[in-house]
Amino acid sequence: MAILVSFGIAGIVVAVLLGAGAFLRPRRPSAVKAEAFECGNPPSGPAWGRFSVKFYLTAILFIVFDVEVVFLYPWAVTFRPLGMFGFVYVWRKGALEWS
């Protein structure tokens, strides 16, 4: 029952946001509004430029470490009450092994 209520609330939120977007969007397009905006600078070059592989590697590393922090934060918060027992337990289970 709770899952159905959650889906219902999510559906209502989606409908309200789509309706608000359709109601509040600009209705008179112009050449200035259709122009690409790059941080206040006039656009330079084509939009289909090639990026270096370093850019993608940096992005992937950021995502990987960001996800790791999401999983490590709850463990770090509960580590103090667990004390040394929690550390030894995690160590013996092999959770601190690099694989």
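Residues numbered from 1 in each chain as written. Predicted model: local features only at pLDDT ≥ 70, side-chain atom pairs only at ≥ 80, totals over all residues. Heavy atoms only, no water.

A.B. asks: Give me the lowdown on the packing of aromatic side chains, citing residues and values where you can.
C.D. replies: Under the counting rule described, the total for this entry stands at two aromatic pairs. Note on F55 and Y56: the rings are 5.4 Å apart at their centroids and 75° apart in plane angle, and the pair reads as edge-to-face. Overall, the relative accessible area of 47% leaves F55 in the partly exposed class. According to the relative accessible area criterion, Y56 is partly exposed, its value standing at 45%. Judged by centre distance (6.5 Å) and plane angle (25°), the rings of F85 and Y89 are stacked. Residue F85 and its partner Y89 are located together in helix α3 (residues 53–93), separated by four residues, close to a single helical turn. (Phe/Tyr/Trp six-rings, centres within 6.5 Å; stacked < 30°, edge-to-face > 60°. Buried < 20%, exposed > 50% of the residue type's maximum accessible area, 1.4 Å probe, protein only. Helix = DSSP H or I, 4+ residues; strand = E, 2+ residues; numbered from the N terminus.)

A.B. asks: Break down a nonpolar patch on the surface for me, citing the residues and quoting the values.
C.D. replies: A cluster of nonpolar residues, M1, L4, V5, I9, V13 and L17, forms a patch on the protein surface that exposes about 670 Å² of accessible area. Topologically, L4 is positioned in helix α1 (residues 2–24). (Patch = residues over 30% accessible without salt bridge, like charges linked within 9 Å, V, L, I, M, F, W, Y side chains within 5 Å. Areas by Shrake-Rupley, 256 points an atom, 1.4 Å probe, with all protein chains shown as cover. Salt bridge = Lys/Arg side-chain N within 4 Å of Asp/Glu carboxyl O.)

A.B. asks: Quick one: what's the story with the confidence of the model for the protein chain, residue by residue and with numbers?
C.D. replies: Counting all residues, the mean pLDDT for the protein chain is 84, and 96% of those residues have values of 70 or more. Averaged over each element, pLDDT in the protein chain is lowest for helix α2 (residues 31–34) (79) and highest for α1 (95). (pLDDT = per-residue confidence, 0-100.)

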